[in-house]
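Understanding the architecture of this molecule
What follows is the residue order along each chain.
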Amino acid sequence: MGTLPPNAADVLFLLLGAIMILAMHAGFAFLELGTVRKKNQVNALAKILSDFAVSAIAYFAVGYSVAYGVNFFAPASALTANHGYELVKFFFLLTFAAAIPAIISGGIAERAKFSPQAFATFALVGLVYPFFEGIAWNNHFGLQDWLTTQFGAPFHDFAGSVVVHAVGGWIALAAVLLLGPRHGRYHKSGSMSAHPPSSIPFLALGAWILIVGWFGFNVMSAQKLDGMSGLVAMNSLMAMVGGTLTANWLGKNDPGFLHNGPLAGLVAVCAGSDVMHPLGALAVGGAAGLLFVVMFTVTQNRWKIDDVLGVWPLHGLCGVWGGVACGLFGQTWLGGVGGVSLMAQVLGTLAGVLIAFIGGGVVYGVLKATVGLRLDQEEEYQGADLTVHKITATPEREASW
């Protein structure tokens, strides 16, 4: 028997997931707004919304076809088949694709030009991201078949620990390295200037919006109602809790670490949320919280890589950990469902990292060589809000008339 065609309940299920992930973009915006300095708050908000719009055009025109060989250049009467399920599926997967520039935005904050980022977004969402998305989720180039033949299971990434988060994080690392640190962040003497968050309440609000939306990100990745599993929801919850507790402990009650801890746990559990035991998910999330705090500190202080929101540790490294952890904690001997291979997970994850880092390096490298990536020193000193948008988040005075 073949699978039943999608029905109206499936369409509603997936639409609600798409809306929840769309709402997560507000979380990206407020997490960045709260973390950057006051003179860059407007820019943080503007980047997330404009990048989402550019992503929608890029994914509709190019990216979705690259990943799935499907386009919607057909009469509207044809698009209504199965209650328009294919359209809602596009909307759902677009919200994943648009997370790529939203992730990158936090790494390049406070010194990146506005317009070149829009070009980067189009290239990344149109070509780089769907190239790996097609490999992982649509069996392009036969990699999944080869992994299954060699190791008994394909690369498993249920909700995008690697496809979305690691890819976004490793593209961001390439962009951050090409941009260089903010002026005044690191001194020749070896000392550093702390740039404290402008608003812990907004940072926390962003984290909470992301946490809530993530249950759409993970649970609705089943894409049909009859595929939904409460295990995915429970594992997401446990990983979130694990990441929160370990990040708060190791971060010594620092609210920035505390509110990024649950996000680290959720990034890591995406891949194996449908195959792990809840206690396994708790361990995976806890380890991700530790990984984020340690590597954020090392990246900023020892390696002097000015990744403003720590998106490479959070998404890039915790995403890699999630891809690998799926192959470990998904095993039956650790209480998992089984059907996963550690070796397939390692190789699939490595493929995602290489495609992302090389692709990101090419896109941002070309832009740096042609139109430039950075605001000049005076513009950066004034802040992206006044330089790019001609207004600040909180004007110092009212008009005098």
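Every value quoted in this text rests on a predicted model; they were computed, and no experiment measured them.

As for the pattern of salt bridges
Within the structure shown, the criterion is met by six salt bridges. Close ionic contact of Arg37 with Glu110 constitutes a salt bridge, the shortest N to O distance being 2.9 Å. In this pair, Arg37 sits in the loop between α1 (8-35) and α2 (41-68) while Glu110 sits in the loop between α5 (99-107) and α6 (115-137), placing the two residues 73 residues apart along the sequence. Taken as a pair, Arg37 and Glu110 share a single burial class, namely buried. With a shortest N-O distance of 2.6 Å, Arg374 and Glu380 are connected by a salt bridge. Accessibility expressed as a relative area gives 4% for Glu380, which makes it buried. Salt bridges sharing partners connect three or more residues here, namely Arg37, Glu110, Arg182, Arg185 and Asp306.

Examining the nonpolar core
Within the largest apolar cluster, 105 residues are counted, with the highest numbers of intra-cluster contacts made by Tyr59, Ile104, Tyr129, Ile171, Trp214 and Phe217. Of all the elements, helix α8 (residues 161-179) adds the most residues to this core, at 12 residues. Those residues in contact with Ile104, other than ones at most four positions away along the chain, are Gln117, Leu124, Gly168, Ile171, Ala172, Ala175 and Tyr364.

Describing the layout of surface pockets
Roughly 530 Å³ of volume is contained in the largest pocket. Among the secondary structure elements, those contributing two or more residues to the lining of the largest pocket are α1, α9 (200-219), α11 (255-269) and α12 (278-302). For the lining of the largest pocket, the class distribution of residues is 14 nonpolar, seven polar and five charged. If you add up the space inside the second largest pocket, you get close to 250 Å³. Taken together, 15 residues line the second largest pocket, and the ones lying closest to its centre are Trp137, Asp157, Phe158, Ser221 and Gln223. Looking at the lining of the second largest pocket, the elements that each hand over two or more residues are α4 (81-97) and α6. Considering every element that reaches the lining of the second largest pocket, the biggest residue donor is α4, with four residues.

A closer look at the state of the cysteines
All told, the structure shown has zero disulfides when counted by the stated rule. Looking at the unpaired Cys270, the closest cysteine sulfur is the one in Cys318, lying at 11 Å. Between Cys326, a cysteine without a disulfide, and Cys270, which holds the nearest cysteine sulfur, the sulfur-to-sulfur distance is 11 Å.

With respect to the environment of Leu237
Within the secondary structure layout, Leu237 lies in helix α10 (residues 230-250). For Leu237, a relative accessible area of 36% gives the class partly exposed. A C-alpha to C-alpha distance of 23 Å links Leu237 and Gln345, two positions 108 residues apart in sequence.

Some thoughts on the packing of α9 against α10
It is at 9 Å that the axes of α9 and α10 come closest, and there the two elements cross at 140 degrees. Looking at the two axes, α9 sits oblique to α10. Taken as a pair, α9 and α10 cross one another with a handedness that is right-handed. Contacts between α9 and α10 involve Ile211, Phe215, Asn218 and Val219 on the former and, on the latter, Val232, Ala233, Ser236, Leu237 and Met240. Partitioned by chemical class, the residues of the contact of α9 with α10 number seven nonpolar, two polar and no charged.

Observations concerning α12
Helix length check: α12 (25 residues) gives 35 Å between terminal C-alpha atoms against 36 Å at 1.5 Å per residue, within 8%. Among the residues trailing α12, Lys304 stands out with phi positive, at a value near 55 degrees.

Topic: the side chain of Thr121
Residue placement: Thr121 occurs in helix α6. Given the relative accessible area of 1%, Thr121 is considered buried. Those residues in contact with Thr121 that lie beyond four places of it in its chain are Asp51, Val54, Ser55, Pro101 and Gly126.

Examining empty space enclosed by the protein
Summed over all chains, the structure comprises three cavities of 30 Å³ or more. The volume enclosed by the largest cavity comes to roughly 110 Å³. Lining the largest cavity are 14 residues, and of these Phe28, Leu31, Leu309, Val311 and His315 lie nearest its centre. Along the lines of polarity and charge, the residues of the lining of the largest cavity split into 11 nonpolar, two polar and one charged. Looking at the lining of the second largest cavity, its residues break down into six nonpolar, one polar and one charged.

What to know about the side chain of Asp10
With respect to the helices, strands and loops of the structure, Asp10 is situated in helix α1. Lacking a salt bridge, the buried Asp10 has Lys224 as its closest oppositely charged neighbour, with an N-O distance of 5.2 Å.

Some remarks on the packing of aromatic side chains
By the definition in use, this model includes 23 aromatic pairs. Note on Phe60 and Phe73: the rings are 5.6 Å apart at their centroids and 80 degrees apart in plane angle, and the pair reads as edge-to-face. Taken together, the positions of Phe60 in helix α2 and Phe73 in the loop between α2 and α3 (76-79) put the pair 13 residues apart, joining distant regions of the chain. Judged by relative accessible area, which is 31%, Phe60 ranks as partly exposed. Exposure remark for Phe73: the relative accessible area of 57% places this residue in the exposed category. Ring centres of Phe132 and Phe155 lie 6.4 Å apart, and the angle between their planes is 50 degrees; on these two criteria the pair is classed as tilted. Of this pair, Phe132 sits in helix α6 while Phe155 sits in the loop between α7 (143-151) and α8; the two residues are 23 residues apart in sequence, bridging distant segments of the chain. Each member of the pair, Phe132 as well as Phe155, carries the same accessibility label: buried.

Cut-offs and rules
Residues numbered from 1 in each chain as written. Predicted model: local features only at pLDDT ≥ 70, side-chain atom pairs only at ≥ 80, totals over all residues. Heavy atoms only, no water. Salt bridge = Lys/Arg side-chain N within 4 Å of Asp/Glu carboxyl O. Helix = DSSP H or I, 4+ residues; strand = E, 2+ residues; numbered from the N terminus. Buried < 20%, exposed > 50% of the residue type's maximum accessible area, 1.4 Å probe, protein only. Core = buried A, V, L, I, M, F, W, Y, C linked by side-chain atoms within 4.5 Å. Contact = heavy atoms within 4.5 Å. 1 Å grid on protein atoms, 1.4 Å probe; cavity = no way out; pocket = protein on both sides within 12 Å on 5 of 7 lines; lining within 4 Å. Points joined across faces, edges and corners; volume = space filled by probe spheres on them. Nonpolar A, V, L, I, M, F, W, Y, C, P; charged D, E, K, R; others polar. Disulfide = S-S within 2.5 Å. Axes fitted to C-alpha atoms, helices over the stretch in contact; angles between N-to-C directions. Parallel < 35°, antiparallel > 145°, perpendicular 65-115°, else oblique. Left-handed = near helix turned anticlockwise from the far one by under 90°. Expected span 1.5 Å × (residues − 1). Lys, Arg positive; Asp, Glu negative; His and termini not counted. Phe/Tyr/Trp six-rings, centres within 6.5 Å; stacked < 30°, edge-to-face > 60°.

Functional significance is not addressed by these values, which are geometric in nature.
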